[in-house]
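A structural walkthrough
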Amino acid sequence: MPKDSPLKKGWLSRATWPSVIFLMLVIFVSASYTFAHRVVLFAYVEGDKVFTESYFSDGKRCHNSRIEVFDSFGKKLLEGKTNKDGEFSFKPPKRTDLKIVLTAGMGHRDEYTIPAGELPGEGNIGKPDPRQPEKMVSLKEPNGEKPTPTSQFNRVEIEQIRLVVEEALDEKLKPIMRLLVKRQNEGVSFIQVMGGIGFIFGIMGIILYFRSRRGK
Amino acid sequence: MHISEGVLSAPVLVTGAALTAAGCGFGLKKLDYDRVPQVAILTSAFFVASLIHVPIGPSSVHLVLNGLMGLLLGWSAFPAILIALFLQALLFQFGGITTLGVNAFNMAFPAIICFYLFAYAVKVRNNLISMGAAFVCGFLGILLASLMVAICLVFTGNPFIGIAKLVVIAHLPVMIIEGLITLFSAGFLKKLKPELLEVVHAKR
């Protein structure tokens, strides 16, 4: 390394102090404003409807943003706009994997997939699936006998119990859903920020290491 | 400012990636290796700045600092911004890996323009001119980046004027704030460490 190289002792501290102070300031400010910047779409099934909530990850709701719903083959089923609280709900037109896509302007986009299994049973939406009652009956009649009036009656009762339980569960799970949404909303942690900065300085170290070896 | 994954079509993504690769190659060639620590520090500042959210205006916007990056780093801003955006995509899920090239170009290209327009003016002895140049540098960095985003979104079928208006208006508060940040940073450095304003590109 030539003698007059600025990399000699003291250069680091002398020339880069202002930047260090500036960086400290930035970290300090960001510690109180750990906000992130992206849109998040969250969707869940409640009763026979699908509810979606969309927000920027600083907590601001995306109002009047476009929501599109696609089925598993990529065919668009419906679309709509979020209200001022960033919410949008719809009745799924058929039982399939629903891909919900949020477009919030300026290149912001997020998607969320609800698997078909989470959607309400066919009895609740559209035309009923003819196979389903049969399956339920055969469950009650493992020996394959013809359904008796008693099993028919049981089936209706079971159907009703199922609905009541579902309703109660939805009610009980509501706070947990809210908590999940909030958790997802919390944004960036201090560890991630420090990790990123450490990464950058690691790259710097590698470059300087190879540089110094080449100089010898 | 960060365009999410799945918004842009493949040709736009590939073009952005190619332009960014070229810019980074040139930036690395121009990089003065004795300045690597400074580049790293500004990369960190850029990486963190996007977390500082500006709560004014209709949308969710944040600091970018690309004007300042260009002013202080010159062509080295290209690799610096690419690394910072890569980490933002990885750690914060801003933008995305496939849109990395486009996003990096959208922010780094204005930085280079700012460098060529203002790097000299900021060093002028007259404080009024120098500080004015610093403010406009920070302001223009965001304005140009917003227009770049608008141009990219045109290819998704949006009319340019409409989308440009939307993006520029949303970023107006950030433009002013970044103008002030660049003004104060440049003023501070000019008084205390004027040698930092001399962007030294490697003489090779």
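Our subject is the structure that appears above.
A brief report on the enclosed structure follows. Position numbers for residues start from 1 in each chain and track the written sequence from start to end. Chain letters start at A and ligand numbers start at 1, both assigned in the order the entries are written. It should be noted that, the model being predicted, local features are given only for residues of pLDDT at least 70 and side-chain atom pairs only at 80 or more, the latter also being counted only at that level, while totals for whole chains, interfaces and linings use all residues. Only hydrogens and water are removed before side-chain values are computed, so all heavy atoms of the structure are retained for them.

**Let's talk about the overall build of chain B**
Under the scheme used here, helices are H or I runs from DSSP no shorter than 4 residues and strands are E runs no shorter than 2 residues, and both carry numbers assigned from the N terminus. When helices and strands are tallied, chain B shows seven helices and two strands. From first element to last, N terminus to C terminus, chain B shows the α and β order α-α-β-β-α-α-α-α-α. A compact globule built from 204 residues should have a C-alpha radius of gyration of about 17 Å, and chain B, at 16 Å, falls within 12% of that. Dimensions along the principal axes, computed over C-alpha positions, put chain B at roughly 45 × 35 × 25 Å. A buried classification covers 61% of the 204 residues belonging to chain B. The contacts in chain B between residues at least 6 apart in sequence include a share of 77% that link residues at least 24 apart. Surface exposure here means Shrake-Rupley accessible area, sampled with a 1.4 Å probe, where a residue is shielded only by the protein chains that are shown. Roughly 7700 Å² of accessible area belongs to chain B as shown, and the carbon and sulfur atoms make up 75% of that amount. Here Asp and Glu are counted as negative and Lys and Arg as positive; His is not counted, and neither are the chain ends. Think of each charge as sitting on NZ of Lys, CZ of Arg, CG of Asp or CD of Glu. A gap of 8 Å separates the mean positions of the 11 positive and 6 negative side-chain charges of chain B. Each radius of gyration is computed over the set of C-alpha atoms, and the globule rule expresses the reference value as 2.2 Å times the number of residues to the power 0.38. The classification of residues rests on relative accessible area computed with a 1.4 Å probe and restricted to protein chains. Under 20% of the type maximum is buried, over 50% is exposed, and intermediate values are partly exposed. In this description, contact between two residues means that some pair of their heavy atoms is separated by no more than 4.5 Å.

**Observations regarding helix H1 (residues 10–30) of chain B**
A helix is expected to span 1.5 Å multiplied by its residue count minus one. Spanning 21 residues, H1 of chain B covers 30 Å between terminal C-alpha atoms, matching the ideal 30 Å at 1.5 Å per step. For H1 of chain B, the secondary structure elements touched by its buried residues are helix H4 (77–92), helix H5 (100–122) and helix H6 (127–154) of chain B.

**Side note on the nonpolar core**
In this text, buried Ala, Val, Leu, Ile, Met, Phe, Trp, Tyr and Cys residues form a nonpolar core when linked through side-chain atoms within 4.5 Å. Judged by nonpolar contacts, the single largest core of 77 residues is most densely connected at Leu8, Phe46, Phe47, Met69, Ile81, Phe118 and Val122 of chain B. Those elements that provide at least two residues to this core are helix H4 (190–215) of chain A together with H1, helix H2 (36–49), helix H3 (66–73), H4, H5, H6 and helix H7 (160–192) of chain B. By residue number, the principal contributor to this core is H5 of chain B, which donates twelve residues. Each residue touching Phe46 of chain B, except ones within four places of it in the same chain, is listed here: Val64, Leu65, Asn66, Met69, Ile81, Ala84, Leu85, Gln88 and Met107 of chain B. Formed by 18 residues, the second largest nonpolar core is a distinct cluster that contains Val39, Cys62, Val69 and Ile114 of chain A.

**A few points about the sheet that holds strand E2 (residues 49–56) of chain A**
Residue and element names in this part refer to chain A. A pair of strands is considered paired only if DSSP assigns at least 2 bridges between the two. Reading across from one edge, E1-E2-E5 is the order of the three strands in this open sheet, with antiparallel pairing throughout. Each edge of the open sheet carries a strand with a single partner, namely strand E1 (39–46) and strand E5 (87–90). The mean angle between the axes of side-by-side strands here comes to 20 degrees, regardless of whether they run parallel or antiparallel. Bridge count between E1 and E2: eight bridges; the pairing is antiparallel. Paired with Ala43 across the two strands is Thr52, which belongs to E2. Axis definition: a line fit to C-alpha positions, over the contact stretch in the case of helices; interaxial angles, taken between N-to-C directions, run 0 to 180 degrees.

**A short note on the packing of H6 of chain B against H7 of chain B**
Residues and elements named next belong to chain B. Contact geometry for H6 and H7: axes closest at 7 Å, N-to-C directions at 150 degrees. Taken together, the axes of H6 and H7 lie roughly antiparallel to each other. Crossing of H6 over H7 shows right-handed handedness. Following the grouping adopted for this structure description, the nonpolar residues are Ala, Val, Leu, Ile, Met, Phe, Trp, Tyr, Cys and Pro, the charged ones are Asp, Glu, Lys and Arg, and the polar ones are all others, Gly among them. For the contact of H6 with H7, the per-class residue count stands at 23 nonpolar, eight polar and two charged. By definition in this entry, angles of less than 35 degrees are roughly parallel, angles greater than 145 are roughly antiparallel, angles of 65 to 115 are roughly perpendicular, and the rest are oblique. The hand of a helix crossing depends on one turn: near helix anticlockwise from the far one by less than a right angle means left-handed, and clockwise means right-handed.

**Side note on a nonpolar patch on the surface**
Patch members must show over 30% relative accessible area and no salt bridge, and they are joined within 9 Å when carrying like charges or within 5 Å when they are nonpolar side chains of Val, Leu, Ile, Met, Phe, Trp or Tyr. Definition used for salt bridges: Asp or Glu carboxyl oxygen within 4 Å of a side-chain nitrogen of Lys or Arg. Together, Ile161, Val165, Leu169, Leu173, Ile176 and Leu180 of chain A make up a nonpolar patch on the protein surface, roughly 520 Å² of accessible area in all. On the accessibility criterion, Leu173 of chain A (37% relative accessible area) is partly exposed.

**A word on the packing of aromatic side chains**
Between the rings of Phe, Tyr and Trp (Trp by its six-membered ring), a pair exists once the centres lie within 6.5 Å; its type follows the angle of the planes, with under 30 degrees stacked, over 60 edge-to-face, and the other angles tilted. Taken as a whole and assessed by the stated rule, the structure comprises 13 aromatic pairs over all chains. Aromatic pair Tyr209 of chain A and Phe210 of chain A: ring centres 5.2 Å apart, planes at 70 degrees, arrangement edge-to-face. On the accessibility criterion, Phe210 of chain A (49% relative accessible area) is partly exposed. By way of ring pairs, the aromatic residues Phe26, Trp75, Phe78, Phe105 and Phe109 of chain B are connected into one cluster. Residue placement shows Lys99 of chain A over the ring face of Phe70 of chain A; its charged tip is 5.9 Å from the ring centre. Put simply, a charge is over a ring when the Lys NZ or the Arg CZ is close to the ring centre, within 6 Å, and near the line of the ring normal, within 35 degrees.

**What about the pattern of salt bridges?**
Residues and elements named next belong to chain A. The final tally for this structure, using the stated rule, is nine salt bridges over all chains. Residue Lys94 is joined to Asp71 by a salt bridge in which the shortest nitrogen-to-oxygen separation is 3.3 Å. In this pair, Lys94 sits in the loop between E5 and strand E6 (98–103) while Asp71 sits in the loop between strand E3 (66–70) and strand E4 (76–81), placing the two residues 23 residues apart along the sequence. Relative accessible area serves as the criterion here: at 35%, Lys94 is assigned to the partly exposed category. Look at Asp71 and you get buried, because its relative accessible area is 5%.

**A look at H6 of chain B**
Between its first and last C-alpha, H6 of chain B extends 40 Å over 28 residues, near the 40 Å set by a 1.5 Å rise per residue. Any pair of nitrogen or oxygen atoms within 3.5 Å is treated as a polar contact; in protein, a donor-acceptor pairing is required on top of that, and neighbouring residues in sequence qualify only through side-chain atoms on both sides. Put simply, Asn126 of chain B is the residue that caps the front of H6 of chain B, since its side-chain oxygen is 2.8 Å from the backbone nitrogen of Leu128 of chain B.

**A closer look at the side chain of Thr182 of chain B**
Structurally, the position occupied by Thr182 of chain B is in helix H7. Discounting chain neighbours no more than four positions away, the residues touching Thr182 of chain B are Leu68, Leu71, Ala134, Cys137 and Gly138 of chain B.

**A look at the pairing of E5 of chain A**
All names here are of chain A. Judged by which residues are buried, E5 turns out to be one-sided: Phe88 and Phe90 face inward and are buried, whereas Glu87 and Ser89, on the alternate face, are not. Across four bridges, E2 lies against E5 in antiparallel orientation. Opposite Phe51, over in E5, you have Ser89 as the bridge partner.

**Brief notes about the sheet that holds E3 of chain A**
All names here are of chain A. Pairing within the open sheet is antiparallel, and its four strands lie in the order E4-E3-E6-E7. If you trace the sheet from one side to the other, it starts and ends with E4 and strand E7 (109–114), each paired once. For this sheet the average axis-to-axis angle between neighbouring strands, irrespective of direction, equals 15 degrees. In the sheet, E3 pairs with E6 via five bridges, with the strands oriented antiparallel.

**A few points about the environment of Pro79 of chain B**
Residues and elements named next belong to chain B. Following the sequence through the fold, Pro79 ends up in helix H4. For Pro79 and Gly23, which are 56 residues apart along the polypeptide, the C-alpha to C-alpha distance reads 7.8 Å. Residues contacting Pro79, with those up to four places away along its chain left out, are Cys24, Gly27 and Leu28.

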